[in-house]
Amino acid sequence: MVYCRLFVSKTIFIYFCKVKKKKEISSSKFIEKLLLRISGNKKTILWSAILSLILLVLTYFYNNLPLFTGENLVELAASEWLKETIFGEHDELKDSVLLINVSYDKQLTGIYTTQQEKVADIDGNDAIGNTEITDREKLYKLLSALKGKNYKYIFLDIAFSNNLAATPVDDKLFKLIEGMERIVVAYDRRNAGVKGLVDSVKMWPKVGCVNYKSTIAETNFKRLRLIQGGMASMPLKVYQELDSQDVCKHGIIYTSNSHLCYNSIFVDFPFEIEGNNPHDYYRYLSRELGHYDVEDSVTVANDCDNRYVVIGDIENDLHDTYAGMQPGSILMYNAYQHIKKGYHLVRLMYAVSFFLLYFFISFLILKRMNLLYKIPLIKKSKSDLIHFLVDMVGYGIILLIVAVVVHIFCHRSISIFLPTLYFSIMKFIVNLKHSKAVKK
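What you are looking at is a predicted structure, and each value in this text was computed from that prediction instead of being measured.

Thresholds, definitions, all that
- Residues numbered from 1 in each chain as written.
- Predicted model: local features only at pLDDT ≥ 70, side-chain atom pairs only at ≥ 80, totals over all residues.
- Heavy atoms only, no water.
- 1 Å grid on protein atoms, 1.4 Å probe; cavity = no way out; pocket = protein on both sides within 12 Å on 5 of 7 lines; lining within 4 Å.
- Points joined across faces, edges and corners; volume = space filled by probe spheres on them.
- Nonpolar A, V, L, I, M, F, W, Y, C, P; charged D, E, K, R; others polar.
- pLDDT = per-residue confidence, 0-100.
- Helix = DSSP H or I, 4+ residues; strand = E, 2+ residues; numbered from the N terminus.
- Pairing = 2+ DSSP bridges.
- Axes fitted to C-alpha atoms, helices over the stretch in contact; angles between N-to-C directions.
- Buried < 20%, exposed > 50% of the residue type's maximum accessible area, 1.4 Å probe, protein only.
- Parallel < 35°, antiparallel > 145°, perpendicular 65-115°, else oblique.
- Left-handed = near helix turned anticlockwise from the far one by under 90°.
- Contact = heavy atoms within 4.5 Å.
- Patch = residues over 30% accessible without salt bridge, like charges linked within 9 Å, V, L, I, M, F, W, Y side chains within 5 Å.
- Areas by Shrake-Rupley, 256 points an atom, 1.4 Å probe, with all protein chains shown as cover.
- Salt bridge = Lys/Arg side-chain N within 4 Å of Asp/Glu carboxyl O.
- Phe/Tyr/Trp six-rings, centres within 6.5 Å; stacked < 30°, edge-to-face > 60°.
- Lys NZ or Arg CZ within 6 Å of the ring centre and 35° of its normal.

Let us look at empty space enclosed by the protein. Counting across every chain of the model gives 2 cavities of 30 Å³ or more. Roughly 130 Å³ of volume is contained in the largest cavity. Together, 13 residues line the largest cavity, and R223, Y262, F266, R412 and S413 are the ones closest to its centre. Of the residues in the lining of the largest cavity, the class split is 6 nonpolar, 5 polar and 2 charged.

Laid out in structure tokens, this is it:
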């Protein structure tokens with residue numbers, strides 16, 4: 001019995017030694033083959049790396065444009081739905097913010113077209129008409145109740161236009177805002193250069209830009225610039241004061257806390273009101289609506305305790321986004337959450353991952369490998385245009401899948417237009433050079 005055990009043990013030992021030796025031989029052969037392949041493709045590997053690096057740099061500048069850069073709204077809406085399905089709704093965002101709607105609290109005031117007309121009015125001429133603005137008496141009462149309370153920050157998404165006539169409460173309202181801590185006031189850069197209400201008081205340290213660019217074809221919200229004409233946007237202003245962080249411009253690149261970053265960001269909407277009853281989220285200024293008593297300082301203190309306070313017009317200040325029509329105040333609040341979590345930063349792993357993806361695609365192109373060309377109809381076609389379009393579709397599908405994954409897990413939106421066009425042109429040039437070489 002003892003001899004049998006010894007025999008079995010010896011047999012097992014010899015077997016494992018042989019297996020280990022085979023593995024070592026196969027591993028060494030694999031490494032040897034890999035080195036041979038690398039040695040035989042040095043030029044292709046080098047060019048793939050150079051072309052990938054160029055594309056990586058181009059995509060940084062392209063995705064940093066303030067205008068629409070090719071994001072697919074359908075893809076974004078679908079990936080947002082998948083993200084909610086995987087991670088669930090962001091209820092913590094809803095719980096951490098107090099939303100105050102000023103849609104139903106308006107007053108009439110005189111409006112002028114230019115500063116010159118305003119000066120003329122002082123000489124006895126009439127203003128060109130009246131316009132509705134937020135009731136400043138009620139706004140003053142609300143901010144008075146908020147002053148000194150334990151709120152996180154106030155987003156006052158109400159622009160005090162420069163071409164409006166003053167109201168009796170303006171002086172004390174502006175003086176109150178000047179003396180408040182942790183508050184940012186919306187500023188429309190289209191009024192820049194026209195001296196008016198905002199300029200007449202010392203409120204400049206409190207203002208943040210709320211503008212975004214659009215085109216004739218794309219008028220809805222796409223991207224928000226954090227620095228606009230040397231001024232901080234509303235979310236960046238909050239980031240500077242509340243998180244002691246900033247975004248700095250260095251020529252054509254931007255950094256944040258010594259990290260390369262984007263100045264133009266595509267804002268996610270983990271918190272939105274589209275399709276929901278606004279009354280479930282918003283309080284109102286008007287006492288007659290029965291929703292909020294701005295003179296009840298105890299209620300205000302309880303409601304705003306350790307929460308962000310967002311004040312805006314939910315009915316009129318709406319922007320078309322991939323999440324539907326959203327108030328500008330929600331847009332600014334979400335933009336702040338976006339940069340607070342560092343989604344505007346270009347992380348090293350993020351850059352390396354895209355470099356490897358671009359390298360792999362570039363290598364396949366330079367080696368003239370493409371599965372789509374196995375399809376008989378495409379293989380037989382001699383049309384360069386058809387091949388170019390087929391390449392664009394193929395690379396577009398691959399990059400679309402990558403974009404969805406990136407949006408779900410990295411909370412970023414990337415434009416697939418530039419890399420798709422880049423790879424398609426690269427493939428066209430490679431095929432053209434090959435065709436010329438064959439003809440020779």
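Resuming the write-up.
Note: predicted coordinates in regions of low pLDDT should not be interpreted at a detailed level. When pLDDT is averaged along the protein chain, the result is 76; 67% of the residues meet or exceed 70. Within the protein chain, no element has a lower average pLDDT than helix α5 (residues 115-122), which sits at 51, and none a higher one than helix α9 (residues 234-242), at 95.

Okay, unusual backbone geometry next. For residues other than glycine, phi is negative in most cases, and the peptide bonds are mostly trans. Although it is not a glycine, S244 sits at a positive phi angle of roughly 55°. Tracing the chain through its elements places S244 in the loop between α9 and β10 (248-250).

Spatial strand order, β10-β11-β12: 3 strands in an open sheet with antiparallel pairing. Looking at which strands have only one partner, the edges of the open sheet turn out to be β10 and β12 (259-261). On average, each strand axis in the sheet is inclined to that of its neighbour by 45°, with strand direction left out of account.

Every buried residue of α9 is listed here: M234, P235, L236, K237, V238 and Y239. Directly beyond the C-terminal end of α9, a positive phi value near 55° is found at S244.

The packing of two helices is summarised by the inter-axis angle and the distance between the axes. At a minimum axis separation of 8 Å, helix α2 (residues 42-63) and helix α12 (residues 348-366) run at an interaxial angle of 130°. By the criterion of interaxial angle, the relationship of α2 to α12 is oblique. Between α2 and α12 the crossing geometry is right-handed. Residue-level contacts link T44, I45, W47, S48, A49, L51, S52, L53, L55, L56 and T59 of α2 to A351, F354, F355, Y358, F359, S362, F363 and L366 of α12. Its residues assigned to classes, the contact of α2 with α12 comprises 14 nonpolar, 5 polar and no charged.

All right, on to a nonpolar patch on the surface then. There is a patch of nonpolar side chains on the surface, built from W81, L82, I86, V393, I397, I401, V405 and F409 and spanning about 800 Å² of accessible area. Of all the elements in the fold, those that place two or more residues in the nonpolar patch are α3 (73-87) and α14 (384-410). With 5 residues, the single largest contributor to the nonpolar patch is α14. Relative to the helices and strands, I397 resides in helix α14. Accessibility expressed as a relative area gives 46% for I397, which makes it partly exposed.

Turning next to the packing of aromatic side chains. Enumeration over the complete set of coordinates arrives at 16 aromatic pairs. Aromatic side chains F155 and Y333 sit 6.0 Å apart centroid to centroid with 80° between the ring planes, which places their arrangement in the edge-to-face category. With F155 in strand β4 (residues 153-156) and Y333 in helix α11 (residues 328-340), this pair connects stretches of sequence that are 178 residues apart. Between F359 and F363, the aromatic rings sit 6.4 Å apart at their centres with planes inclined by 25°, giving stacked as the arrangement. Within this pair, F359 and its partner F363 are both found in helix α12, separated by 4 residues, close to a single helical turn. Within the aromatic cluster, the residues linked to one another by ring pairs are Y350, F354, Y358, Y395, Y422 and F423. Taking the ring centre of Y350 as reference, the NZ or CZ of R412 above it sits at 4.6 Å.

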